[in-house]
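So the chains spell out like this:
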Amino acid sequence: MRRFRTAIVIIHGFTGNLYDNEYLANYLQLNPWYDVYAKTLPGHNKDRFSSAKKEDFIKSVDLEIQTLIDYGYKKIYVIGHSMGGILATYLAGKYKEIKKIVLINAAFLYANTKQGDKNDSKIKVIFDKVMRTSPGIFLEFTKLVKESKKYLKGVNCETLILRSMKDEVVPKEAADLIYQEIPTNKKYLTNIKDARHTVLSSNKKEITTLYIIEFLKGGRTWKKNMKEEI
């Protein structure tokens, strides 16, 4: 039966967890033909962080996809936020079963100091989470970012790139880099106005979720509703 269904894997970002994308996951589960999977990456949980290597992040998502393929899924979509976007591109280049990916504020560049106000309470929350990580795990994140560009060259599936225009973490140029480097000719870049880095847990989560669903459905409806900005 699974070969007639679509598996959707949602990957959270660095210092995040699966709850960051809970709204999106719950909405996707309403579709009877989607099976939605999400888990917390190694070294992350809701309250604290522990040691993990970049290889652990990669092995974790690798195992997820391999398990789904073993279950019998022939079609898999991957949605990655921030660091999860890097991991999504890695997977897209490795597995032919991955037919679509969604990259939300993917962290191919990071440490944005221009797009945000350092005194903003929402920015302080994010950087407080980073400061609570061990130096080791933060270093592993930076290693992953440094090697991330090579993953872009392997992306040949349909790709939606979403960019929050008020992202206080990832520079706007990251989305341009992705769009320029991925070789697929089925790529779409959409800006989310007045949106922050954690867009899926903000007041823009509904419009963003509905837009992602339109992309996943595809076909004439997507071509009609695809926009440069939402």
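Here the structure is shown first, and the text comes after it.
Values in this document were obtained by computation on a predicted structure and should not be read as measured data. (Residues numbered from 1 in each chain as written. Predicted model: local features only at pLDDT ≥ 70, side-chain atom pairs only at ≥ 80, totals over all residues. Heavy atoms only, no water.)

Asker: Pulling in residues and values, what's your account of the side chain of Thr159?
Answerer: Here Thr159 shows up in strand β5 (residues 158-164). Residue Thr159 is classed as buried on the basis of its relative accessible area, which comes to 0%. At a separation of 3.0 Å, a polar atom in the side chain of Thr159 contacts the main-chain carbonyl oxygen of Cys157. Apart from residues lying up to four places away in sequence, Thr159 is in contact with Ile101, Leu103, Ile182, Thr184, Lys186, Lys187, Tyr188 and Phe215. (Helix = DSSP H or I, 4+ residues; strand = E, 2+ residues; numbered from the N terminus. Buried < 20%, exposed > 50% of the residue type's maximum accessible area, 1.4 Å probe, protein only. Polar contact = N/O pair within 3.5 Å; in protein donor to acceptor, adjacent residues only side chain to side chain. Contact = heavy atoms within 4.5 Å.)

Asker: So, the pattern of salt bridges: which residues are in play, and what are the values?
Answerer: Going through the model one piece at a time under the given rule, you end up with eleven salt bridges. Between Glu181 and Lys153 there is a salt bridge whose closest N-O contact spans 2.6 Å. Of the two residues, Glu181 sits in helix α7 (residues 173-181) while Lys153 sits in the loop between α6 (149-152) and β5, which places them 28 residues apart along the sequence. The exposure class of Glu181 is partly exposed, given its relative accessible area of 28%. (Salt bridge = Lys/Arg side-chain N within 4 Å of Asp/Glu carboxyl O.)

Asker: Residues and numbers for unusual backbone geometry, please.
Answerer: In this structure, Thr15 takes a positive phi of about 70° despite not being glycine. Note on placement: Thr15 falls in the loop between β1 (6-11) and α1 (22-28).

Asker: So what about helix α5 (residues 135-147)? Which residues, and what values?
Answerer: Between its first and last C-alpha, α5 extends 19 Å over 13 residues, near the 18 Å set by a 1.5 Å rise per residue. Every buried residue of α5 is listed here: Ile137, Glu140, Phe141, Thr142, Leu144, Val145 and Glu147. Packed against the buried residues of α5 are α2 (54-71), α3 (83-94) and α6. (Expected span 1.5 Å × (residues − 1).)

Asker: Quick rundown of the pairing of strand β6 (residues 187-192)? Include the residues and the values.
Answerer: In terms of burial, β6 is largely enclosed, as five of its six residues are buried. Inspection of the sheet shows β5 paired to β6 by six bridges, in the parallel sense. Note on β6: the bridge partner recorded for Leu160 is Tyr188. Handedness of the crossover joining β5 and β6 through α7: right-handed. (Pairing = 2+ DSSP bridges. Right-handed = clockwise from strand over helix to strand, strands pointing away.)

Asker: Go over the environment of Leu28, please, and point to the residues and values.
Answerer: Mapped onto the secondary structure, Leu28 falls in helix α1. As for Leu28 and Ile8, which are separated by 20 residues in sequence, their C-alpha atoms are 8.5 Å apart.

Asker: Please give an account of the nonpolar core that cites residues and values.
Answerer: With 44 residues, the main nonpolar core has Ile76, Val78, Leu91 and Ile98 as its most contacted residues. Contributions of two or more residues to this core are made by β1, α2, β3 (75-81), α3, β4 (98-104), α5, α6 and α7. It is α3 that provides the largest number of residues to this core, a total of seven residues. Aside from chain neighbours lying at most four places away, what touches Val78 is Val9, Ile11, Ile65, Ala88, Leu91, Ile98, Lys100, Ile101 and Val102. Ala25, Tyr77, Ala195 and Ile212 belong to the second-largest nonpolar core, a separate cluster that totals 25 residues. (Core = buried A, V, L, I, M, F, W, Y, C linked by side-chain atoms within 4.5 Å.)

Asker: Just give me the short version of the sheet that holds β1, but keep the residues and values in it.
Answerer: Strand order in this open sheet of six strands is β2-β1-β3-β4-β5-β6, and the pairing throughout is parallel. Looking at strand neighbours, the two that pair on one side only are β2 (34-38) and β6, the edges of this open sheet. Direction aside, neighbouring strands of the sheet carry axes that sit 15° apart on average. On top of the sheet, α7 reaches β4, β5 and β6; it is set at about 170° to β6, its chief contact. (Axes fitted to C-alpha atoms, helices over the stretch in contact; angles between N-to-C directions.)

Asker: Break down the pairing of β2 for me, with residues and values.
Answerer: Examined bridge by bridge, β1 and β2 share five bridges and lie parallel to one another. Paired with Thr6 across the two strands is Tyr34, which belongs to β2.

Asker: Tell me what's going on with helix α8 (residues 205-217), and back it up with residues and numbers.
Answerer: Its 13 residues place the ends of α8 18 Å apart at the C-alpha level, agreeing with the 18 Å of an ideal helix rising 1.5 Å per residue. Along α8, the residues that are buried comprise Thr208, Thr209, Tyr211, Ile212, Ile213, Phe215 and Leu216.

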